[in-house]
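Overview (structure and organization)
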There are 4 protein chains.
Amino acid sequence: MKTMKDKKEQKRALILNAAIKLYSVNGFEETKIADVAKEAGVSFGTVFSYFESKNALYEAAILEPLEEIRSYFENVEDHFQGDPLDVMKAMIDCHVEIFSTRKELLLLIQQVLARPSRFPNLFEELDGFVNSFVDSINSIIEEGQKLGYFYKGSPSLIAESYLSFINGIRLTFIDDETNPVWERFKIQALRLFGPFYKSEE
Amino acid sequence: MKTMKDKKEQKRALILNAAIKLYSVNGFEETKIADVAKEAGVSFGTVFSYFESKNALYEAAILEPLEEIRSYFENVEDHFQGDPLDVMKAMIDCHVEIFSTRKELLLLIQQVLARPSRFPNLFEELDGFVNSFVDSINSIIEEGQKLGYFYKGSPSLIAESYLSFINGIRLTFIDDETNPVWERFKIQALRLFGPFYKSEE
Amino acid sequence: MKTMKDKKEQKRALILNAAIKLYSVNGFEETKIADVAKEAGVSFGTVFSYFESKNALYEAAILEPLEEIRSYFENVEDHFQGDPLDVMKAMIDCHVEIFSTRKELLLLIQQVLARPSRFPNLFEELDGFVNSFVDSINSIIEEGQKLGYFYKGSPSLIAESYLSFINGIRLTFIDDETNPVWERFKIQALRLFGPFYKSEE
Amino acid sequence: MKTMKDKKEQKRALILNAAIKLYSVNGFEETKIADVAKEAGVSFGTVFSYFESKNALYEAAILEPLEEIRSYFENVEDHFQGDPLDVMKAMIDCHVEIFSTRKELLLLIQQVLARPSRFPNLFEELDGFVNSFVDSINSIIEEGQKLGYFYKGSPSLIAESYLSFINGIRLTFIDDETNPVWERFKIQALRLFGPFYKSEE
DNA sequence: GATGAATGAGCTTTCATTCAT
DNA sequence: TATGAATGAAAGCTCATTCAT
């Protein structure tokens, strides 16, 4: 009994991962369910016994991985301790790690952001995600501003700038996945918060 | 003779603009030639007398507008004079103007960047565009670094950061088109170059 | 042993009744085996342990109930005694009772009659049923004609008229199931045999 | 211009007739659009440029022929003149002609009547048709009753009986199309109105 | 050159049937 | 025996492209 449930779970994951891969590369319309099935190594009827429709599979391919990273954006204070500067540095490390290794998810997210009217439910979800993040680091930025670490000015401007920046990196340099490349951008991300110089400079 | 040529040119533009609008909102696959024809106010078959195929129309919809803005990214020194700081400020003004008003083009560009294998010719073209820009402002950044305006470090890192940033803004806040919103981001863009503070702060 | 056999019999009946209900309402094609299973309260695969195929289930759903009523059409003389007029009145009572309460069976029969080439075996069976009925009351009608009760003319014409009439009522007023409605048609059925007036008129 | 419109009209009729033929024989679900196309001698994409969907084609296949016969059922008084008896005889002649030659339409109608919930719009239309007919001959029957031609009793009972009768003939003896067969039933139809004998008897 | 009817490949989705458990 | 996951044939429908007018 246990084994059967596990097997089902496993097969579902197989399909979902195939979907994530293909959707992210080819987009919703040009991804064919037959291709997903082949990639997952199942017959294509099977895809429909695990996911109700092509649309439902797309939603799952975005929302389920989103859950895995949600906490690192919406509960920043829970994950990173220390003074505001340390928190931001740790957060940037974490986010850069996510953005550099999760290209597929970010591409999927971008597909949705680029077509709000086509995917209204998903768009709303992702829009909420963005807003939650901005809210989530608001007080940290304010504290950092008081301590003189960060630029004065609207915390949400800074938060939005930061998010746009890492998102922009991901989308503009789509082929770069190597860590050293991403490593270099961390200092730039930090500079959106305040006038930081690398110690060795 | 002249008039007829003009009329043809005009009809072609009608179709191309309709294509830009619809492709940018709906993507390549979900944009139907019939919809483009209707939006352009021409008959269905006419689209095919001006553009060889759906693919060709897509390429034109991206490459032709790209030409209009190319110069502002690849010949920065020709457009903006003064010391490096002034040049960068003017360039940011110009680019923000372009990015805020040309949402459609940026969305189209993103569609291509997100799917290199699907649109290899276009991708190569756009990849070259990015690299040209980075090269183009290299010497300006170096000069600014010498003058102490800008952060030390790889000029291309700074250039790439900047491009990613404005692109990220465009893509993350897809619905914002109002100028005031974009205005606020200019200072953040500048901060990727060096530790700047608004005068009123 | 006995109990197990009974249980099987019972489960089979459960499935068959569900099939009769759904086939009659939705027709052969639009009735899904999964729906039959759900209606019967058994699991999906179980249907196939009792009936070889969807086709076999359909045949059973028609032929088995048909057996229950066959005798009242093919052995009229055995069931109704008296002079021809009384026999016909009793027969009409009986048939109206059957047609008014067995809507499902009549709908199934009609599905077959309407598509001889699709269900050749079933059609032949039902066609034989009709002919048997016509033969079966032939002598009664002849006798009634001799006694002056019934119209002169071909007995089979009268028999066919009668059968068509009750069948037509059933099919034309598909929603009427109330007995009073059917009661009114009895006198009309009788009038196909001879010029009868209700006593109260 | 005229020619083109005519050609389109002609092709539409080709498709509609093929649909009528196949739908009536095979029913809605088992009729494949590909078969209709083949029967009509067009490619199957063409079917969809004349009719929006399989459903729409089905509705047209029923409602358009229905219009052709509607008047003979809903405007009985306009078509048949004379005393009530003559009107009824003429009407029966007309209706028998229609029912014997229009098997396909009657089969289609029956498909709808048998599945009200599947074809609600069509069912409503046809139900209205039946009621209109019953209303339409009401006064003629009443007049015939006053003149002593017809049985006393509810005119709508008689009207419904008559309609059920010819419908029942059509459906019970699906294969008979020869006129002589139908001719014999006319006297039986008339006997539902009153106690008539053929002159030669 | 402009039109839009005709075509048919290719897609998503359904569901009877099979079969391992 | 009972189950329900897996399969894949088959269907409706879309739409880029062709081409006769």
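Residues numbered from 1 in each chain as written. Chains lettered and ligands numbered in written order. Predicted model: local features only at pLDDT ≥ 70, side-chain atom pairs only at ≥ 80, totals over all residues. Heavy atoms only, no water.

As recorded in an unreviewed UniProt entry, chain A goes by the name TetR/AcrR family transcriptional regulator, listed as coming from Filobacillus milosensis.

Overview of the relation of the copies chain D and chain C
Keep this limit in mind: Copy-to-copy superposition: least squares on the C-alpha atoms, limited to residues that have pLDDT of at least 70 in both copies. Contact definition: two residues touch when any of their heavy atoms are within 4.5 Å.
Superposition record for chain D on chain C: RMSD 0.2 Å, screw rotation 179°, translation along axis 0.1 Å. The relationship between the two copies is best expressed as a two-fold rotation axis. Rotation axis and chain D: the residue whose C-alpha lies nearest the axis is G168 of chain D, separated from it by 1.8 Å. The fraction of interface residues of chain D whose copies in chain C are also interface residues reaches 98%, indicating that both copies meet through the same surface.

Overview of the packing of aromatic side chains
All names here are of chain A. The condition that has to hold: Geometry of aromatic contacts follows a simple scheme: Phe, Tyr and Trp rings, the Trp one being its six-membered ring, pair when their centres are within 6.5 Å, and the pair is stacked under 30 degrees between planes, edge-to-face over 60, tilted otherwise. Secondary structure follows DSSP: runs of H or I at least 4 residues long count as helices, runs of E at least 2 residues long count as strands, and numbering of each begins at the N terminus. Burial here depends on accessible area, computed with a 1.4 Å probe over protein chains only, as a share of the maximum for the residue type. Under 20% is buried, over 50% is exposed, and the range in between is partly exposed.
Under the defined criterion, the tally for this structure stands at 66 aromatic pairs over all chains. Centroid distance F73 to F133: 5.8 Å. Interplanar angle 65°. Geometry classified as edge-to-face. Here F73 is found in helix α4 (residues 54–74), whereas its partner F133 is found in helix α8 (residues 120–136), with 60 residues between them in sequence. Here F73 and F133 have matching classes, each one buried.

Considerations on the protein's contact with DNA strand E
Where we set the bar: Near is defined per residue: the residue qualifies when any heavy atom it owns lies within 4 Å of the molecule or strand. Within 3.5 Å is the distance limit for a polar contact, defined as a pair of N or O atoms, with the added protein rule that one can donate a hydrogen and the other accept it, and that residues adjacent in sequence qualify only through two side-chain atoms. Only Asp, Glu, Lys and Arg are considered charged in this grouping, and only Ala, Val, Leu, Ile, Met, Phe, Trp, Tyr, Cys and Pro are considered nonpolar; every other residue, Gly among them, is considered polar.
Within the structure, DNA strand E sits among 30 residues, and F44 of chain A, T46 of chain B, K32 of chain C together with K11 and T46 of chain D are positioned closest to it. Sugar plus phosphate, as a fraction of atoms of DNA strand E within 4 Å of the protein: 69%. In the model, a base nitrogen of DNA strand E is placed 3.1 Å from a nitrogen or oxygen of the G45 of chain B main chain. S43 of chain D places a polar main-chain atom, nitrogen or oxygen, 2.9 Å from a phosphate oxygen of DNA strand E. Those elements giving two or more residues to the surface near DNA strand E turn out to be α3 (44–50) of chain A, α3 (44–50) of chain B, α3 (44–50) of chain C together with α1 (2–30) and α3 (44–50) of chain D. Here the residues of the surface near DNA strand E are counted per class, giving 11 nonpolar, 12 polar and 7 charged.

Digging into the relation of the copies chain B and chain A
Of the transformation placing chain B onto chain A, the axial shift is 0.1 Å and the rotation is 179°, giving an RMSD of 0.1 Å. Taken together, the interface assignments show that 96% of the residues at the interface of chain B recur at the interface of chain A, consistent with an identical surface on both copies.

Re the interface of chain B and chain A
Interfaces are frequently sized by the accessible area removed from exposure as the parts join. The criterion, for reference: Once two parts are brought into contact, the accessible area they lose, counted with a 1.4 Å probe and summed over both, makes up the buried area. For this document, the term salt bridge refers to a Lys or Arg side-chain nitrogen within 4 Å of an Asp or Glu carboxyl oxygen.
If you look at the interface, chain B gives 46 residues, while chain A gives 45 residues. Summed over both sides, the interface of chain B with chain A buries roughly 3,800 Å², with 56% coming from carbon and sulfur. Area buried by chain B at its contact with chain A is led by Y151, L157 and T172 of chain B, which between them contribute 15% of it. Counting the contacts that link chain B with chain A gives 4 salt bridges. Here E30 of chain B makes a salt bridge to R115 of chain A, at a shortest N to O gap of 3.1 Å. Along the contact surface separating chain B from chain A lie 15 residue pairs in polar contact (both at pLDDT 80 or more). A total of 12 residues in the side of chain B that touches chain A trace back to one element, the largest contributor, which is helix α10 (residues 155–172) of chain B. Considered class by class, the residues forming the side of chain B that touches chain A number 22 nonpolar, 14 polar and 10 charged.

Details of the side chain of Q188 of chain B
Following the sequence through the fold, Q188 of chain B ends up in helix α11 (residues 179–191). Leaving out residues up to four positions away in the same chain, Q188 of chain B has contacts with L157, I158, S161 and L192 of chain A together with F165 of chain B.

Re the interface of chain D and chain C
Taken together, the contact pairs 45 residues of chain D with 46 residues of chain C. Between the two partners, chain D and chain C, sit 4 salt bridges. Of all the secondary-structure elements, those providing two or more residues to the side of chain D that touches chain C are α1, α7 (103–113), α8 (120–136), α10 (155–172) and α11 (179–191) of chain D. Broken down by element, the side of chain D that touches chain C gets its largest block of residues, 12 residues, from α10 of chain D. Partitioning the side of chain D that touches chain C into residue classes produces 21 nonpolar, 14 polar and 10 charged.

Quick look at the UniProt feature "domain: HTH tetR-type" (unreviewed entry) in chain A
We apply this condition: UniProt positions are given in the numbering used here, feature names are shortened, and annotations may be inferred rather than shown by experiment.
In the numbering used here, UniProt assigns the feature "domain: HTH tetR-type" (unreviewed entry) to residues 9–69 of chain A. Along residues 9–69 of chain A, the helical share is 87% and the strand share 0%, with 21 Å between the first and last C-alpha atoms.

A word on the nonpolar core
Side chains of a nonpolar character, in soluble globular proteins, are inclined to be buried together. Our working definition: As used here, the term nonpolar core means buried Ala, Val, Leu, Ile, Met, Phe, Trp, Tyr and Cys residues forming a set that is joined through side-chain atoms within 4.5 Å.
Judged by nonpolar contacts, the single largest core of 148 residues is most densely connected at L57, I137 and F193 of chain C together with L57, I137 and F193 of chain D. Other than its neighbours up to four places away in sequence, I137 of chain C contacts V76, M88, M91, A159 and F193 of chain C. Counting residues in hydrophobic clusters, the runner-up holds 147 residues, among them A40, V42 and F173 of chain A together with L163 of chain B.

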